[in-house]
Each structure stands twice: as structure tokens, then as C-alpha cells.
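# Coordinate inspection notes
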Amino acid sequence: MSELVILSLGSNLGDREENLASAITLLGTYHQITNIKGASFYESEPLYNTNQPKFLNTIISCDSTMTPFEFLDIIKYIESSLGRPIERNKNEPRIIDIDILCYGNSYIETVELTIPHPQLMFRKFVLLPFSELMPEYKVEKIGSTISELLSICPDKTNVVKHIIEKNA
């Protein structure tokens, strides 16, 4: 059975646009992942470790026939193949970061994976593109839609839609 999966992608090292696009392209190479849709790219200030470059973020939705843990393995493989070290410190600059925000109606709380993502409602850089893509998506465990969560989000960092510059 296919489940709706919502992912957050971010990058603040190297060619950020290319890093996000490559991750989305690689996700699309798996036959168990279909119907990929993405929001615009948004530039955001780093939240915790502020002594690092700005992030480029987006949200994608897709359908998957994998289990959440199989999907997590694919994400780790994609991050690694794009150059993200397996061993890394939290809140450090990164080539790519992919988080599972929601996976169907799954509620998972393990050391390795928590769904829905526990920081979802506190991150403007997640909620803004998520609201663009699916404003009326209801996070059942929280009981609110994405647009409702965005309206009460305590995150006051600057998050702006990124304009992709085209070469002449």
C-alpha cells in the first residue's frame, strides 16, 4: 500500500540549489517512490548554530510503498552519496539534510526516527514551503493544519522565497 510522505530538504554548503535538486532527482530513481511534488526553494537563517551560511530549504511530497525505516535508509544513502558524512555534529553546516516530516498516519517514536517530526511546528523554514505545497494538510497527532501551525509558529527567523537566477 502506498503512503503519502512529506520530506524537508535543506542545504547550506556548496551549490545549494544543485544539492537540493540532486537529492530530489535521486529520490525519483527509486520505483517505490512516485508522484514527487515540490515547493519553491526558501532561504533561511540558521536556527541554532548561527555562525554558518544561510540554508536553502524546500518541502516535497511523494508516495511510497516502503516502510518508514526503509525510506530512512534510502535518505541516509542519498545524503551520503551527495557528500554528507555519516558521522556528523548536530546543527553544523551540511551539503544536504533530508528529514521525514510525516509518513501517512504513522506515529513513530524511536531513537532513530520520530514521526511526525518533533520540531515541525517550531520551524518556519519547514512550515512556509509546506504551507505553499499543502496548506490544508492536517498533522493528525498535532490536530492542526500546516497553515494554522504557520500562523502560530514561534520561529521569528527570516525565511524568504529564493529566486533562482538564470544564466543569460
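Residues numbered from 1 in each chain as written. Predicted model: local features only at pLDDT ≥ 70, side-chain atom pairs only at ≥ 80, totals over all residues. Heavy atoms only, no water.

### Some remarks on the pairing of strand 1 (residues 3-11)
- With seven of nine residues buried, strand 1 is to be regarded as a mostly interior element.
- Looking at chain direction, strand 1 and strand 4 (residues 55-64) are connected through nine bridges and run antiparallel. Bridge pairing in strand 4 links Val5 to Cys62.
- With six bridges joining them, strand 1 and strand 5 (residues 97-103) adopt antiparallel strand pairing. Note on strand 5: the bridge partner recorded for Leu9 is Ile98. (Buried < 20%, exposed > 50% of the residue type's maximum accessible area, 1.4 Å probe, protein only. Helix = DSSP H or I, 4+ residues; strand = E, 2+ residues; numbered from the N terminus. Pairing = 2+ DSSP bridges.)

### Overview of the packing of helix 1 (residues 16-27) against helix 2 (residues 68-81)
- Across the interface, helix 1 lies against helix 2 with an axial gap of 10 Å and an inter-helix angle of 135°. Taken together, the axis directions place helix 1 and helix 2 in an arrangement best described as oblique. Note that helix 1 runs across helix 2; the crossing there is right-handed. Where helix 1 approaches helix 2, its residues Ala23, Leu26 and Leu27 are matched on the opposing element by Phe71, Ile74, Ile78 and Ser81.
- Here the contact of helix 1 with helix 2 is built from residues that sort into six nonpolar, one polar and no charged. (Axes fitted to C-alpha atoms, helices over the stretch in contact; angles between N-to-C directions. Parallel < 35°, antiparallel > 145°, perpendicular 65-115°, else oblique. Left-handed = near helix turned anticlockwise from the far one by under 90°. Contact = heavy atoms within 4.5 Å. Nonpolar A, V, L, I, M, F, W, Y, C, P; charged D, E, K, R; others polar.)

### A short note on the nonpolar core
- If you look at the biggest cluster of nonpolar residues, it comprises 25 residues, and the most contacted ones within it are Leu7, Leu27, Ile33, Phe71, Ile98 and Ile100.
- Elements with a minimum of two residues in this core: strand 1, helix 1, strand 4, helix 2 and strand 5.
- Looking at which element gives the most residues to this core, the answer is helix 2, with five residues.
- What Phe71 contacts, discounting residues up to four positions off in sequence, is Val5, Leu7, Leu27, Ile33, Cys62, Ser64, Met66, Ile100 and Tyr103.
- With 17 residues, the next largest nonpolar core counts Tyr42, Ile59, Cys102 and Leu127 among its residues. (Core = buried A, V, L, I, M, F, W, Y, C linked by side-chain atoms within 4.5 Å.)

### What about unusual backbone geometry?
- For the bond running from Ile115 to Pro116, omega is -5°, close enough to zero to count as cis.
- Relative to the elements of secondary structure, Pro116 occurs in the loop between strand 7 (114-115) and helix 3 (124-133).
- Here the phi dihedral of Asn35 falls at roughly 55°; this positive angle occurs in a residue that is not glycine.
- Mapped onto the elements, Asn35 comes out in strand 2 (residues 33-38).

### Quick word on the pattern of salt bridges
- With the rule as written, the count across this model stands at six salt bridges.
- The salt bridge partner of Arg16 is Glu43, with a shortest N-O separation of 2.8 Å. Here Arg16, found in helix 1, pairs with Glu43, found in strand 3 (residues 42-44); they are 27 residues apart in sequence, far enough to count as distant.
- Its salt-bridge partner being Arg84, residue Glu79 comes within 3.5 Å of it at the nearest N-O pair.
- Since its relative accessible area comes to 4%, Glu79 is described here as buried. (Salt bridge = Lys/Arg side-chain N within 4 Å of Asp/Glu carboxyl O.)

### Describing the environment of Ser11
- Mapped onto the elements of the fold, Ser11 is located in strand 1.
- Each C-alpha atom, one on Ser11 and one on Glu140, is 28 Å from the other, the two residues being 129 residues apart in sequence.
- Among all residues touching Ser11, those that are not within four sequence positions of it are Arg16, Asn19, Leu20, Lys54, Phe55, Leu56, Arg94 and Ile95.
- Looking at Ser11, its side chain comes within polar contact range of the side chain of Asn19, at 2.9 Å.
- A distance of 2.6 Å separates the side chain of Ser11 from the backbone oxygen of Ile95, its partner in a polar contact. (Polar contact = N/O pair within 3.5 Å; in protein donor to acceptor, adjacent residues only side chain to side chain.)

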